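# Close look at the chain arrangement
Okay, here's what each chain looks like letter by letter:
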Amino acid sequence: ELSEEQDCEMFPKYMDMFVANAFGNYRDVLREVSYSAHQGMYLTFLNSRSYAAQASLPDQNYAREIMQLFSIGLAITHQNGTIAAPQQATYDTKDIVTFARAWTGFENAPARGGVEQRKFSYNDPMVINGTARDAFPKLDLFDQYIGDRYPLCSDLPRQHFLMKGAKYVYQGAEPLEGDEFTAAAEAAGLGHYAPPAESQLYIDLCAAATEGGACEFRAVAKLPSRRTCHASDMACPQLDDVTTVKIVTGGVAHYYAYVKPACVKLALFAGHEVFLDDEDASARQCADPSVPVAGVACCNADGTINAASQCKLAHERVAFATMETRCSAAGLQVCDAAAVAGNVGFATACAPRQAVWAAAPCRLEVQVWEDGAVGLVAPGMDDPRLQLSTMNTFYPNWAGGRFPTALGTDCATRADGMLVCNVEFERTAVFSAAPSMDEAMAQLAVGAFSPTAYDGEYTCQSGCEADAEVSVWTKGGGAVDTSTIIGVKVPTAETWHSGDADGYQYYRNVREVVKMDEFEFRNAPTFMPLSGEMMVANEDMMVERVDMGRPVYNMTVPPQRKVPAFAAEYAARHETEALLDHLFFHPNAPAFIAKLMIQRLVTSNPSPRYIQVVADAYATGKYPPAAPTGRGSGRYGCMTALLAAVLLDREARSLTLDADPGHGAMREPLLKVLKVMRSQGLATRGHEARVGLRELGQEVFDTPSIFGFYLPTFIPAGPLEDAGLTSPETELAVAPLMFDMMNRLGSLVHNGLSAESYSVANGDVGSVGDLAMDPAAGVTGWPTPALAEAVLSKLDLTLADGRLAAATRSAILAEVAPLLYESSSEAPEVDRAACFGMGAANSLEVNCTRGSRCVDAASNAWKPPRGCVKDGGEAVMENDASAPCCVVPDMARARLDVVKALRELVLFAPEFHVTNLRAVRAARGTSEGGMPRRGDAGYKAVVMVNMKGGADSWNHLIPAEGCEDGATFEAYARARGAVAVERDDVAEFMITPDRGHAPSHSPTQPCASFYISNELSSIAEMFNAGDAAAFPNIGNMIHPFTSAEKATAAYPEHQSSHNFGQRHLQTLWPQVDETGKGVLGRLADGLKREGLKANVYGVSEYPTILRANDVMATVLDYREGVKGLAAIERYPVTALENILSDASASLFAETYALDLLRGMGISLELRELISVAKSDSPVAVKFKSDYFAKQLETIATIMRLRHKDTNERLADRDFFASDVKGFDTHASMYQENVPPMNDALALFKEELIAQGVWADTVVAVVSEFGRTLQSNGRGTDHGWGGHYFALGGAILDRVMLSQYPESLAAGNTQDWGNGIFIPKWGYEVLWG
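Attention in this report is confined to the structure presented alongside it. (Residues numbered from 1 in each chain as written. Predicted model: local features only at pLDDT ≥ 70, side-chain atom pairs only at ≥ 80, totals over all residues. Heavy atoms only, no water.)

With that out of the way, let us pick up the pattern of salt bridges. Taken as a whole and assessed by the stated rule, the structure comprises 58 salt bridges. The salt bridge partner of E457 is K475, with a shortest N-O separation of 4.0 Å. Taken as a pair, E457 in the loop between α11 (437-443) and β22 (458-462) and K475 in strand β23 (residues 470-475) lie far apart in primary sequence, 18 residues in all. Residue class for E457 comes out partly exposed when judged on its relative accessible area of 34%. Judged by relative accessible area, K475 falls into the partly exposed class, the value being 44%. When the shortest N-O distance is used, the salt bridge between R983 and E970 registers 3.3 Å. Of this pair, R983 sits in the loop between α24 (969-976) and β38 (986-990) while E970 sits in helix α24, and the two are 13 residues apart along the sequence. (Salt bridge = Lys/Arg side-chain N within 4 Å of Asp/Glu carboxyl O. Helix = DSSP H or I, 4+ residues; strand = E, 2+ residues; numbered from the N terminus. Buried < 20%, exposed > 50% of the residue type's maximum accessible area, 1.4 Å probe, protein only.)

Here it is as structure tokens:
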């Protein structure tokens, strides 16, 4: 629900992205979603920072969900959507951790006018702070590198800032470096690059409309073709790089900043020192000498710094060889670091506080971690990221998957036990002759710029004809070697960023490997500035804080070094685009997107052939793909082609398939409401009106989670489950939502868009008189059977797409027959007899003759068509002026009554709710279900409390006293860092017995006592009272194993994804990749086989844990217990049952009918029982009004029904499933639902004690997975093992029925890596 207090623009702005790109390209959708501040906030990667910036691993949320939900799905598939054999996951935990590093640095754009005001903008795309982006290489999903296929920055052509497509961003009247810096530089005789006014670059950037006219500077300027240095421009030919460009017009300076094309650097290199001198502080780093990252300073023969600057520009950056050349040409030499100290300024170098090259070479080492990740180490250097034993690591492409694990010639163990290796480099040519296209694509990884960008340096040797598959270009016409450029012809849509868009992807014919002993990996490319590129002095690198013993470095870039920060921003953008391309072009993407779009628009269970057709259209950008005039742009990812294939394929248009029981879909609530509104011609009448669908489970712009309103893989219990078919929309077809839907649709029929009870609208938005599309419009006279037939036919078309079965039509017409007249001119006899209620026979109106209605004589207000009750059902004499009596309506009102009755009854028909033919088979009978009666055994109950989102239970169960060394409170606090709970905020409980005397049911624990956060003080109190047991470190398991066995162990796929985690938690079948029966459902089935009566109840939803073979779950409303159905007040239940009672061939129609029939049966029976219980035996305590408290109050009310009378009980066993939302704590450890949950559990215990059933009840408090022990800087990420509780009066006294980890340090026996713990046992120990 949107209101003036909320962000009304942010949500529609997000939706507008999809509207704008609906017929565009999915690649644009991916980009806009990924830069959306709304998405950044929703999936918590907004303000996520690199490990170097915060000493915590970055937030993993978006890294996971963009793959699972937006691009490639969970399992490798064929192009037709079928799972490839053997089944293989598209990504694993290592991939999530790696990609999370690529989603760092995103921040809100600054606030601006014209939109909703906040401190920052949530309407504009996010910006990237390059200094907060992880700088290290990143493996892709195929164990190659995200930076593959991009050219090396060291291969940038000379004067690359003049290349075709060179990009310049307008800065206005102040340059990046600021006015103060610029004034000081110009005073010293150095300035920014200022091309002559006659040069092509000046003309392009000035962008004057006419020759000699005023400049019209553009926000972003791109050079239309290759430009050259102007003859008068002496600096241009000598420049390795440029950032700030100065354009002077009319005596006023304007500035552009040059953006280098996307390129990468190799992470390891044989380096040279760069030295940063900054007054009384200095820093030394090891930099790649082939990349222009530092300035120029030359020394005299005696080693002293020369007073004459050899720089061409202020803040110029050059490669090491360029500086050597300049110093040599001036008769000087490269300086040692000592000579530079205290002497860097405009007079001697290119700028103060700028790093300059030093003479000394330097080297990098590799620290190898136990999982194959590596950290770069620069011995003796000052880069905080390149130190021993930090988490600034990356996974390299190890040859054969083998990496050092022990000492060798090149590898040694340091004092801290870490393995550090010296490295050597081997650079070789991949081919010695022209390769085939397949060979080139398979073996080449290093990209290249177009050979034409090198001004004649390269000559085409083979494949020079137009459209050749492979072209080979050699330097100076020489042999094929490591400098050779190989072009591979690829579809235009799949051309990567590589210079000219001429249809070729260019590669360098080179492979460089990093060697240590007998191990090697291909040298890893990175877009981001690494060692030596983001130089800050020691005072700027000072430790900002110490987080549990780990330094957190201040990575803020000083104002005078905005140039490298600007470069880092665009490098981060290039890396983001590369990652999006990787996902976009992933082989899974076409089928994944195709299936989702088919599900939304046509059928929930498309055939593999249908998916293949749509996926092919997506991949080729045309439908039909082979047709030259096909719909679409011809580019991979074209949404026009995809949608054309979805809607025009024969499976979308075939009338024959309408009769297929599994074809089609259940309609979602929003579409049902819109269908009714359109059929009635309803329209809003004011800007303050609101149409809200929250109570229907589908509020516009307000999805309950990133998974949307329902899961695309949802399989509802019943006929669809038996057939193994999905029906996503049916996840919303639970009794409370269905009843709300029917009540609100009925309100639309009877009241229009008004603020009546059960309305979908608030405000003056319309009325029942706004029936511009009244199907009886133009008809005069009394309503007749012929009119009813005609009206029903129109309603069939507008509401049921002309699919009403003959049996459905007959049932509806039979119900309205008493409202009809034999002829349109029949004059009903006036009847003033008193009338009263329906009576046993459910006749239309007792005591009223044909056509007359029961009305209130005083107000003349129309009563419901079924009659009215007065004085307990006794007849009222005619002389009572206020009594109801029978009168004849006018003809218009009589017709409207018929129309409204027909319209509402059609809304109950399965045909309205589904999109395929119902195809009635046989009579099913009356309402199914009803409550089990009378039990002979004692009463017991189980209540599951599901902490949805993956609860961070490390703060629920904390080591306290008497602990072994690895699992002390101090070890906990050190590992948790800023997200640890302080000792002042915990409650202690003792475990029984102590560690030394644990019985078989209570495993040995590392501590004698534990803490629980005060937020769960009620559980601690129950524990100390002997009413609670703990289940530390349990989770979804196939079989137990340790970290040493994880390489060969079987474990659940996607154990840390929400939907799979919930499925496995609730079925205990993690080895089965499908929905099974639930734990509580199976228990109820077993009890039924033993002759006991069991009920299973869900609150607000029908969770998997309740699914059973023989026992159907009842879904309760968390506020009312059971929702009322308003239509029952207007029509007898038998009338509605007659519409639903015939069995349907359509599995969707049958599922809907069975659910509604059971719901009506429960509504009539259980609602009355609840009403009696609330009045005769209300709950003893006052529950609060929050969502979870109301759930427990409803559960407590149902439990009281066993006291209906002394001889009758609803069941011997009750199973309840409730939930608490809001535990997905990626961005904050604040869980606003925890304190209310704590309070509600305490009140629930109090209530059950009052009922006398606390000792007969078990409350299981669980979650789908635990979270990481370490923080991501703000919250925690998805983990695996977690700590949970069982509560109840008969719980074993203060025991822990699994084992808390014996150590919290990295490398412990349950360490999965990255702060994730392998569960000690499965969830079975909780239910066993």
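Quick look at helix α2 (residues 26-35) now. Note that an α-helix has 3.6 residues per turn; residues three or four places apart therefore point the same way. Most of α2 is tucked away: seven of the 10 residues are buried. When we look at burial in α2, the residues that qualify are Y26, R27, V29, L30, V33, S34 and Y35. At the N-terminal boundary of α2, the capping side chain belongs to N25, with an oxygen 2.9 Å from the backbone nitrogen of R27. (Polar contact = N/O pair within 3.5 Å; in protein donor to acceptor, adjacent residues only side chain to side chain.)

Read across the open sheet, the eight strands follow the order β42-β41-β44-β36-β45-β46-β40-β49; overall the sheet is mixed. The two strands at the open ends of the sheet, each matched to only one other strand, are β42 (1114-1116) and β49 (1321-1322). As paired elements, strand β40 (residues 1028-1035) and strand β46 (residues 1282-1287) share five bridges and run antiparallel to each other. Counted as the bridge partner of I1034 is G1282 from β46. Along the sheet, helix α31 (residues 1234-1251) makes contact with β36 (940-947), β44 (1213-1220), β45 (1257-1262) and β46, crossing β36 at roughly 175°. (Pairing = 2+ DSSP bridges. Contact = heavy atoms within 4.5 Å. Axes fitted to C-alpha atoms, helices over the stretch in contact; angles between N-to-C directions.)

Our next topic: the state of the cysteines. Taken as a whole and assessed by the stated rule, the structure comprises 10 disulfides. Covalently, C411 is tied to C421 through a disulfide, its sulfur atoms 2.1 Å apart. In this structure, the disulfide formed by C411 and C421 twists by about 105° around the S-S bond and is classed as right-handed. Note that C411 is positioned in strand β19 (residues 411-413) and C421 in strand β20 (residues 419-421), a separation of 10 residues in sequence. (Disulfide = S-S within 2.5 Å.)

Let us now look at a nonpolar patch on the surface. Together, L601, L647 and L648 make up an exposed nonpolar region whose accessible area comes to about 240 Å². Structurally, L601 is set in helix α13 (residues 589-601). On the basis of relative accessible area, L601 is assigned to the partly exposed category, the value being 44%. (Patch = residues over 30% accessible without salt bridge, like charges linked within 9 Å, V, L, I, M, F, W, Y side chains within 5 Å. Areas by Shrake-Rupley, 256 points an atom, 1.4 Å probe, with all protein chains shown as cover.)

Note: strands within a sheet are paired through backbone hydrogen bonds, in either parallel or antiparallel orientation. Pairing within the open sheet is antiparallel, and its four strands lie in the order β22-β23-β24-β25. Of all the strands in the sheet, the pair left with one neighbour each is β22 and β25 (504-508). With strand direction ignored, the average angle separating the axes of adjacent strands in the sheet is 30°. With four bridges connecting them, β22 and β23 associate as antiparallel partners. Each bridged residue has a counterpart across the sheet, and for S462 the counterpart in β23 is V472.

With their axes 11 Å apart at the nearest point, helix α20 (residues 785-800) and helix α21 (residues 806-816) run at an angle of 130° to one another. The orientation of α20 relative to α21 falls into the category oblique. You can see that α20 and α21 cross each other, and the crossing is right-handed. On the side of α20, the interface is formed by A788, E789, L792, S793 and D796, while α21 contributes R809, I812 and L813. By residue class, the composition of the contact of α20 with α21 is four nonpolar, one polar and three charged. (Parallel < 35°, antiparallel > 145°, perpendicular 65-115°, else oblique. Left-handed = near helix turned anticlockwise from the far one by under 90°. Nonpolar A, V, L, I, M, F, W, Y, C, P; charged D, E, K, R; others polar.)

Moving on: the packing of aromatic side chains. Using the criterion set out here, one finds 43 aromatic pairs in the structure. Considering the side-chain rings of F45 and Y62, the 4.3 Å spacing of their centres and the 15° angle between planes classify their relative orientation as stacked. Of the two residues, F45 sits in the loop between α3 (37-42) and α4 (51-54) while Y62 sits in helix α5 (residues 61-68), which places them 17 residues apart along the sequence. Using a relative accessible area of 0% as the deciding quantity, one classes F45 as buried. Note on F969 and Y1011: the rings are 5.8 Å apart at their centroids and 85° apart in plane angle, and the pair reads as edge-to-face. Of the two residues, F969 sits in helix α24 while Y1011 sits in strand β39 (residues 1009-1013), which places them 42 residues apart along the sequence. Since its relative accessible area comes to 8%, F969 is described here as buried. For Y1011, a relative accessible area of 6% translates into the label buried. One aromatic cluster is present, formed by Y35, F45, Y62, F70, W103 and F106 through successive ring pairs. A cation over an aromatic ring shows up here: K94 above the ring of Y395, its NZ or CZ 5.4 Å from the ring centre. Positioned over the ring face of Y570 is R573, at 4.5 Å from the centre of the ring. (Phe/Tyr/Trp six-rings, centres within 6.5 Å; stacked < 30°, edge-to-face > 60°. Lys NZ or Arg CZ within 6 Å of the ring centre and 35° of its normal.)

Our next topic: the side chain of S199. Structurally, S199 can be placed in the loop between α7 (179-187) and α8 (200-206). Within the local environment of S199, its side chain forms a polar contact with the backbone nitrogen of Y202, the two atoms lying 3.2 Å apart.

Along the chain, the position of L670 falls in helix α17 (residues 669-680). The sequence separation of L670 and L696 amounts to 26 residues, and the corresponding C-alpha distance is 8.3 Å. L670 has contacts with L693, Q698 and V700, leaving out every residue within four places of it along the chain.

What follows is about unusual backbone geometry. A cis amide bond, omega -10°, links A85 with the succeeding residue P86. With an omega of -10°, the peptide bond running from Y623 to P624 counts as cis. As for its position among the elements, P624 is in the loop between α14 (608-620) and α15 (639-648). Of note, the phi angle at R353 is positive, near 55°, even though the residue is not glycine. Summarising the element assignment, R353 is placed in the loop between α10 (337-340) and β14 (355-362). Phi is positive for D455, which is not a glycine, with a value near 50°. Checked against the element boundaries, D455 lands in the loop between α11 and β22. Overall, D455 belongs to the exposed group, its relative accessible area being 54%.

Read these as layout, nothing more, since geometry by itself doesn't imply function.
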